[in-house]
Amino acid sequence: MAQAVRAEPVGRFGTEAVSNDARDTADWVAASHDNQGLPFIVIDKVNAVVFAFDATGGLRGTAPALLGMARGDASVPGIGQRKLATITPSERTTPAGRFKASLGRDFEQDILWIDYDAALSMHRVIKGRRVDDRAGRLASPTPSDNRISYGCVNVPPGFYDGVVKPLFTGTVGIVYILPETKPLRSVFAVPG
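Read on for a plain summary of the structure. By convention here, each chain's residues receive numbers from 1 onward along its written sequence. With pLDDT at 70 or above as the cut-off, local features in this predicted model cover only qualifying residues; side-chain atom pairs require 80 or more to be listed or tallied, and sums for whole chains, interfaces and linings still use all residues. Only heavy atoms go into the side-chain values, all of them from the structure, while hydrogens and water stay out.

**Regarding the overall build of the chain**
- Of the regular secondary structure elements, the chain holds 3 helices and 12 strands.
- Radius of gyration: C-alpha atoms only; globule rule: 2.2 Å multiplied by the number of residues to the exponent 0.38. For 192 residues, the compact-globule estimate of 2.2 N^0.38 gives 16 Å, and the C-alpha radius of gyration of the chain, at 15 Å, lies within 12% of that figure.
- Overall, the C-alpha framework of the chain stretches about 45 × 35 × 30 Å when taken along its three principal axes.
- The buried label goes to any residue with under 20% of its type's maximum accessible area, the exposed label to any with over 50%, and the partly exposed label to all in between, with areas taken from a 1.4 Å probe on protein chains only. A total of 192 residues make up the chain; the buried ones form 49% of that total.
- For the chain, contacts bridging at least 24 residues in sequence account for 59% of all contacts bridging at least 6.
- Accessibility throughout is a Shrake-Rupley quantity obtained with a 1.4 Å probe, and a residue counts as covered only by protein chains that appear here. Total accessible area on the chain stands at roughly 9300 Å², and carbon and sulfur atoms take up 56% of it. Per the convention used, a helix needs a DSSP run of H or I reaching at least four residues, while a strand needs a run of E reaching at least two, with both numbered from the N terminus. Contacts: residue pairs with any heavy atoms within 4.5 Å of one another.

What follows is the structure in structure tokens.
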């Protein structure tokens, strides 16, 4: 179930609609410097949206996202070493947590590696099977149909090429993936 979002007229998010958890996390990161002077991304799984920030906490862009098919906040141990065909739908989670991320490549394209060992990345939305309609899901107005991936975060090509890639070129950065089954403050040290 999506969290309530509101348009915030001033502040870090400008007029973007944002959940309390995403706002609280971004504000905590900027105030505490948990990002260590690096660009950072906040991924709100509940609302299927990605917020990208520069090293000073300035919002550089936001986009809808496709996420892991299964709800959950942890990766299955050893999932990064398994063949896709062996991963069941219930194992296809996008894990919550703080990750040091960097640009790299998979077999076909450049991607942002979020957790290399777990084969977790952010990349441009792929065409995939026609029945999956990934582009249609990404363009839909609600997050209810954005659960389709094996765990990776799929974003629009323009957002990846125009925001993510420039922010992470020549540097590493931090990706914060918000939990959906655990309380926010059990994953991050966000003040209450």
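What follows picks up the thread again.
**A few points about the sheet that holds strand β4 (residues 49-53)**
- With mixed pairing, the 8 strands of this open sheet are ordered in space as β5-β4-β3-β12-β7-β8-β9-β11. Strands with a single pairing partner mark the edges of an open sheet, and in this sheet they are β5 (59-64) and β11 (153-155). Put simply, the sheet's adjacent strands are angled 25° from each other on average, direction ignored.
- Between any two strands, pairing holds if DSSP finds at least two bridges. Pairing of strand β8 (residues 110-115) with strand β9 (residues 120-124) involves 3 bridges; the strand directions are antiparallel. Looking at the pairing, Trp 113 lines up with Ser 121 of β9.
- Contacts from helix α1 (residues 20-32) reach β3 (40-44), β4 and β12 (173-177), with the element oriented near 160° to β3. A fitted line through C-alpha atoms represents every axis, and for helices the fit uses only the stretch in contact; the resulting angles, taken between N-to-C directions, go from 0 to 180 degrees.

**Details of α1**
- Multiplying 1.5 Å by the helix residue count minus one yields the expected span of that helix. The terminal C-alpha atoms of α1, which comprises 13 residues, lie 18 Å apart, in line with the 18 Å expected from a rise of 1.5 Å per residue.
- Listed as buried for α1 are Asp 21, Ala 22, Arg 23, Thr 25, Ala 26, Trp 28, Val 29 and Ala 30.
- Two residues or fewer past α1, His 33 is found with a positive phi of approximately 60°.

**Quick word on helix α3 (residues 157-168)**
- For α3, with 12 residues, the first-to-last C-alpha span of 15 Å sits near the 16 Å given by 1.5 Å per residue.
- Where α3 terminates, the next one or two residues include Gly 170, which has phi positive at roughly 80°.

**Regarding the pattern of salt bridges**
- Should a side-chain nitrogen of Lys or Arg be within 4 Å of a carboxyl oxygen of Asp or Glu, the pair is scored as a salt bridge. Counting across every chain of the model gives 10 salt bridges.
- For Lys 45, the salt bridge goes to Asp 73, with nearest N and O atoms at 2.8 Å. With Lys 45 in the loop between β3 and β4 and Asp 73 in the loop between β6 (67-68) and β7 (97-105), this pair connects stretches of sequence that are 28 residues apart.
- Classification of Asp 73 as buried rests on a relative accessible area of 6%.
- Of the charged contacts in the structure, one is a salt bridge between Arg 124 and Asp 161, with a shortest N-O distance of 2.7 Å. Of this pair, Arg 124 sits in strand β9 while Asp 161 sits in helix α3, and the two are 37 residues apart along the sequence.
- On the accessibility criterion, Asp 161 (38% relative accessible area) is partly exposed.

**Some details on the packing of aromatic side chains**
- Working definition: rings of Phe, Tyr and Trp (its six-membered ring) pair if their centres are within 6.5 Å, and the pair is stacked with planes under 30 degrees apart, edge-to-face with planes over 60 apart, and tilted otherwise. Throughout the structure, instances matching the rule amount to 8 aromatic pairs.
- Ring geometry for Phe 13 and Phe 51: centres 5.0 Å apart, planes at 80°, overall edge-to-face. With Phe 13 in the loop between β1 (5-7) and β2 (17-19) and Phe 51 in strand β4, the pair connects residues that are 38 residues apart, well separated along the chain. Comparing Phe 13 with Phe 51, the two get one shared label, buried.
- Centroid distance Phe 40 to Phe 53: 4.7 Å. Interplanar angle 15°. Geometry classified as stacked. One end of the pair, Phe 40, is in strand β3; the other, Phe 53, is in strand β4, and 13 residues separate them in sequence.

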